[in-house]
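# Structural features, examined
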Amino acid sequence: MQRLFKLLIILFPLVTFSQVKKITLNEAISIAQKKSPDYKRNLNTNQASFWRFKNYKARFLPQLGFNATLPEFSNSIRRQTNDAGQDVFVNQNQLVLAGGLSLSQNVPFTGGTLSLTSNLEKVDLFGNNDITNYSVVPLSIRYRQNSLFYNGFRWERKIEPLIYEESRRDFVEKMEVISINTCRSYFSLLKAQMQLKIAELNLSNQDTLYQISQGRFKMGKIAENELLQMELSLLNSKNNVTTNTIELKRTSQNMARYLELETENIELEIPEELALFEVDVEKAIEEAQSNRKAVIEFRRRRLQAENELARAKGSNRLEMSLVANLGISQFGNDFENLFNNYNKQQYVSLNLGIPIFDWGVSKSERKMAEANLDLANNDIEQGKQEFEQEIYLHVLNWSSKRDFLITAQKAKEIAEKSYEITKKRYVLGKVTITDLNISQEKKDQSFVQYLNSLEAFWIDYYTLRQLTLYDFINDKKIEAEDILYD
């Protein structure tokens, strides 16, 4: 039994250690960009855009289809109009078999649809004398265009590629947003871990100092009030440990859930500073204009507004549609002679629609489309200015982050050194408990401030990448590497 107990004592720390997941900031970002809910959502959105673009491309390719009636049987009394123009009721007992092929092609240059069809039909009439009739259309060429003044296909060919390119760039931008979100989550957990360590260290120090204070109180070197303040500090330290333990549990769960880790026992490292590099404002704006989705979005929004105006102008003044058909056909009750001496099958229809008086409906729709176009142009110009201003201000802000971080790091070192000196002087009885508490509070605040500055430094770095889609350290564009399509 004792051997088993000793074995468990030896193995338990090993099992506990194996469950700890050590992660750096770069590793956390790499995991998040492959497993996080944000990545999966981003991937699904991009896949939908990809298949939309594939659908658009396919609609301009020839479409081959087959349709059939196999069979259609009817035995009922129906009303028909005879040659004299009279309605009579007849018994209809027949079986219809029909099938046909169709090949259609959208014509982007004109906005119409060209189709080739062929059809074969057989009708069996049942009664006193069974009759079988056949009908065949070996070839029929048909062209249809709903409007001669508005070509929707032409606008689709301009807009749809922009929508697809916008989605690709949006994917890359959102990958950088994942980096920013991961960075925030990483530092939330890191600060919770560090603050718990600080709280535990403070508790240990307060416990030691309280024991010393009790001895000094018994010797009459300090007043009871100072001993009570030390005891209060000890109790507050215990509460801080409890509070930070709960916060650590919450942030650990958030990180584990976001990265889909199997354990919540995560150990993080304090990220190092990046290598010093300068960012030129003009270079940043140039790369952003070349890489960001916003530039494509501006063009797409303008084209969509122009498309609506063209649609309003093409359909509100004069409407013209064209339908033309050219082919051959034959019918009869002898199938062997069905493919001889074809009859011509010709049809042309040009429809006009001219609004004479519509209470201003056509004009108001056209004016509304013009106003929407002007509004879109104004919004786009405003968006361009905000776009460049955001990048300009962030580049200026980035240049100051390293200075803030250096200052925060220096302040942390000074506060830590000051606390150690104050603690030693308190043990020697040269400072009061109030001075010690103030020094400890400054030490803790300076360390948290350093972590906040380090977090802001890294978040600003990934924000700079997201705003420009450019890696200034490696001097290259940021591109998507793992867009998957099933």
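Preceding this paragraph is the structure being described.
The text that follows walks through the structure, step by step, so that each part is easy to find. (Residues numbered from 1 in each chain as written. Predicted model: local features only at pLDDT ≥ 70, side-chain atom pairs only at ≥ 80, totals over all residues. Heavy atoms only, no water.)

### Let's talk about the overall build of the protein chain
The condition is simple: Only DSSP runs of H or I with at least four residues qualify as helices, and only runs of E with at least two residues qualify as strands; both kinds are numbered from the N terminus onward. Per-residue accessibility, obtained with a 1.4 Å probe over protein chains only, is compared with the maximum for each type, and a residue is labelled buried under 20%, exposed over 50%, and partly exposed between these values. In what follows, a contact means two residues having at least one pair of non-hydrogen atoms within 4.5 Å. Using a 1.4 Å probe, the Shrake-Rupley method yields the accessible areas, and only the shown protein chains count as cover for residues. A positive count includes Lys and Arg, and a negative count includes Asp and Glu. His and the chain ends are not counted in either. Throughout, a charge is located at the NZ atom of Lys, the CZ atom of Arg, the CG atom of Asp or the CD atom of Glu.
Counting its regular elements, the protein chain contains nine helices and ten strands. Considered along the principal axes of its C-alpha atoms, the protein chain spans approximately 135 × 70 × 45 Å. Considering the protein chain as a whole, with its 486 residues, one finds that 38% of them fall into the buried category. Long-range pairs, those at least 24 residues apart, make up 77% of the contacts in the protein chain with a sequence separation of at least 6. Looking at the protein chain as shown, the accessible area adds up to about 29500 Å², and 54% of this sits on carbon and sulfur atoms. Charge separation in the protein chain, taken as the distance between the mean sites of 62 positive and 63 negative side-chain charges, equals 3 Å.

### Remarks on the packing of aromatic side chains
Defined as follows: For this analysis, a ring pair means two rings from Phe, Tyr or Trp (six-membered ring only for Trp) whose centres lie within 6.5 Å, classed as stacked if their planes differ by under 30 degrees, edge-to-face if by over 60, and tilted for the remaining angles.
A complete count under the given rule lists 14 aromatic pairs for this structure. Arranged with centres 5.4 Å apart and planes meeting at 80°, the rings of F60 and F153 form a pair that is edge-to-face. In this pair, F60 is assigned in the loop between helix 3 (37-58) and strand 2 (63-81) and F153 in helix 4 (residues 152-218), connecting sequence segments 93 residues apart. We note that F60, like F153, is buried.

### Section: helix 8 (residues 361-427)
Residues spaced three or four apart along an α-helix face the same direction, because each turn holds 3.6 residues. The condition that has to hold: Two axes enter the bend calculation: one fitted to the seven residues ending at the residue in question, the other to the seven starting there, and the bend is the angle between them.
Along its length, helix 8 shows its largest kink, about 25°, at S400. Count one or two residues on from helix 8 and you reach G429, which has phi positive near 80°.

### Some points on the environment of S446
As for its placement among the helices and strands, S446 is situated in helix 9 (residues 433-468). On the basis of relative accessible area, S446 is assigned to the buried category, the value being 10%. Sequence separation between S446 and L25 is 421 residues, and the spatial gap between their C-alpha atoms is 22 Å. When near neighbours in sequence (up to four residues on either side) are disregarded, S446 contacts A408, A411, K412 and A415.

### With respect to unusual backbone geometry
Cis geometry is found at the peptide bond from L70 to P71, where omega equals -25°. Structurally, P71 can be placed in strand 2. A positive phi is found at E260, a non-glycine position, where the angle reads about 55°. On the secondary structure map, E260 appears in the loop between helix 5 (224-259) and strand 6 (266-268). Located in the positive-phi region is L469, a residue other than glycine, with phi close to 50°. Structurally, the position occupied by L469 is in the loop between helix 9 and strand 9 (470-471).

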